[in-house]
Structures are given as structure tokens and as C-alpha cells.
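# Structural description and commentary
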Amino acid sequence: QVQLVESGGGLVQNGGSLRLSCTASGRTFSNSAMGWFRQAPGKEREFVAAISWSGFSTSYADSVKGRFTISRDNAKGTLYLQMNSLKPEDTAVYYCAAGGGTTRPDEYHSWGQGTQVTVSP
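Residues numbered from 1 in each chain as written. Predicted model: local features only at pLDDT ≥ 70, side-chain atom pairs only at ≥ 80, totals over all residues. Heavy atoms only, no water.

### Focus on the sheet that holds strand β8 (residues 78-83)
Either a parallel or an antiparallel arrangement is found when strands of a sheet pair, and the pairing is made through backbone hydrogen bonds. Here is the rule: Paired strands, in this sense, are two strands between which DSSP finds at least two bridges. Put simply, DSSP marks the helices as runs of H or I at least four residues long and the strands as runs of E at least two long, and each gets a number from the N terminus on. Fitted lines through C-alpha atoms serve as axes, helices being fitted only where they are in contact, and the angles separating the N-to-C directions of these axes extend from 0 to 180 degrees.
If you trace the 4 strands from one edge of the open sheet to the other, you get β1-β3-β8-β7, paired in antiparallel fashion. The strands lining the two open edges of the sheet, one partner per strand, are β1 (3-7) and β7 (68-73). Averaged over all pairs of adjacent strands, the angle between their axes in this sheet comes to 15°, without regard to strand direction. In terms of strand pairing, β1 meets strand β3 (residues 18-25) through 5 bridges, oriented antiparallel. Within β3, the position partnered with glutamate 6 by the bridge is cysteine 22.

Structure, rendered in C-alpha cells:
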């Protein structure tokens, strides 16, 4: 299956921007829908955004719509999440995932290790 490694997390100020990357290995990357999820302390893993294998179709959680953009470069085997106008409530560990393209984490078959995003007030 697909091996996924996230990077790009860190500490940013309220209103700042950050771009997460998810580097994938495996021949199936270009044929897999992808998603970003996040998990804050004491909460379940939460859907953030998803993208079809072609990149033509995207979807977003209401909480991030208009601020975050998901994209992919299949030639590079990389998934991105551009995060703008970050808020403290965006603080979480962010995970990339492959296989589902839905809002449900149990419909994805491959996961990265996660990268911490912390937004200070």
C-alpha cells in the first residue's frame, strides 16, 4: 500500500499561514483519493479536507472552508494542505490519509504519522 510522511507543521501566530506536505511512496498514489484529518487533545480524529485521485474534486469541513486548500501533485507523489488565516482552534496533529476521499477516517486505508500544528493567540 501507500506509505505517507507528513511535514511542515510548526508553531504559528493567530492569522498566520502554514503549508503541510505529505510525501507518498507507492505506485498507487496517483490512483488514490487523499484526505487530511486532524486530532486535538481529547477529541476524535476530525475530517479537514479531501481530494479525488485526479485533483478535480475537493471537499472541506465547514470549519476550514475558505481558509484551507487541499491539492496534490501526482508526478511528485505529494499531497498539500495550504492553511491560511489560522486560528487557535486549528491547533491539532494533522494527518494525511489515502484511499477514502470521504469524511470518515475508517474509509481510508493508509495514514501518515502526523505533524503538529500549533496556533498561538
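### Structural notes on the pattern of salt bridges
Threshold: Whenever a carboxyl oxygen of Asp or Glu lies within 4 Å of a side-chain nitrogen of Lys or Arg, that contact is scored as a salt bridge. Residue burial is assigned from relative accessible area. The probe radius is 1.4 Å, only protein chains are included, and a residue is buried under 20% of its type maximum, exposed over 50%, and partly exposed in between.
Enumeration over the complete set of coordinates arrives at 6 salt bridges. Arginine 38 is the partner of glutamate 46 in a salt bridge, and the nearest nitrogen-oxygen pair spans 2.9 Å. Judged by its relative accessible area of 29%, glutamate 46 falls in the partly exposed class. Across the salt bridge formed by aspartate 90 and arginine 67, the nearest N and O atoms sit 2.7 Å from each other.

### Side note on the pairing of strand β4 (residues 34-39)
Each regular strand shows side chains that alternate between the opposite faces of the sheet. For β4, a buried count of 5 out of 6 residues is recorded, marking the element as mostly surrounded by other parts of the structure. Where β4 meets strand β5 (residues 46-51), 5 bridges bridge the pair, whose relative direction is antiparallel. Within the sheet, the bridge partner assigned to tryptophan 36 lies in β5 and is alanine 49. In sequence, β4 turns back onto β5 through a hairpin of 6 residues, with glycine 42 there showing a positive phi of about 80°. Of the strand pairs in this sheet, β4 and strand β9 (residues 92-98) are connected by 6 bridges, and their pairing is antiparallel. Counterpart to arginine 38 in the pairing with β9 is tyrosine 94.

### Notes on the packing of aromatic side chains
Inclusion rule: In this analysis, rings of Phe, Tyr and Trp, with Trp reduced to its six-membered ring, are considered paired at centre separations within 6.5 Å, and the interplanar angle assigns stacked below 30 degrees, edge-to-face beyond 60, and tilted for intermediate values. Only when the NZ atom of a Lys or the CZ atom of an Arg is both within 6 Å of the ring centre and within 35 degrees of the ring normal do we say a charge sits over the ring.
Evaluated as defined, the whole model comprises 4 aromatic pairs. Ring geometry for phenylalanine 37 and phenylalanine 47: centres 5.7 Å apart, planes at 75°, overall edge-to-face. Here phenylalanine 47 lies in strand β5 and phenylalanine 37 lies in strand β4, a separation of 10 residues in the sequence. Of the two residues examined, phenylalanine 37 and phenylalanine 47, each falls in the buried class. Judged by centre distance (5.0 Å) and plane angle (85°), the rings of phenylalanine 37 and tyrosine 108 are edge-to-face. Linking phenylalanine 37 in strand β4 with tyrosine 108 in the loop between β9 and β10 (110-111), this pair joins segments that are 71 residues apart in sequence. Accessibility classification places phenylalanine 37 together with tyrosine 108 in one group, the buried group. Linked through ring pairs, Phe37, Phe47, Tyr108 and Trp111 together constitute an aromatic cluster. The ring of tyrosine 95 carries arginine 45 above its face, with NZ or CZ at 3.8 Å from the centroid.

### A short note on the environment of glycine 55
Looking at the element boundaries, glycine 55 is found in the loop between β5 and β6 (58-60). Judged by relative accessible area, glycine 55 falls into the partly exposed class, the value being 28%. Between the alpha carbons of glycine 55 and aspartate 73 there is a distance of 8.5 Å; along the sequence they are 18 residues apart.

From the geometry alone we can't say anything about function, so treat these as descriptive.
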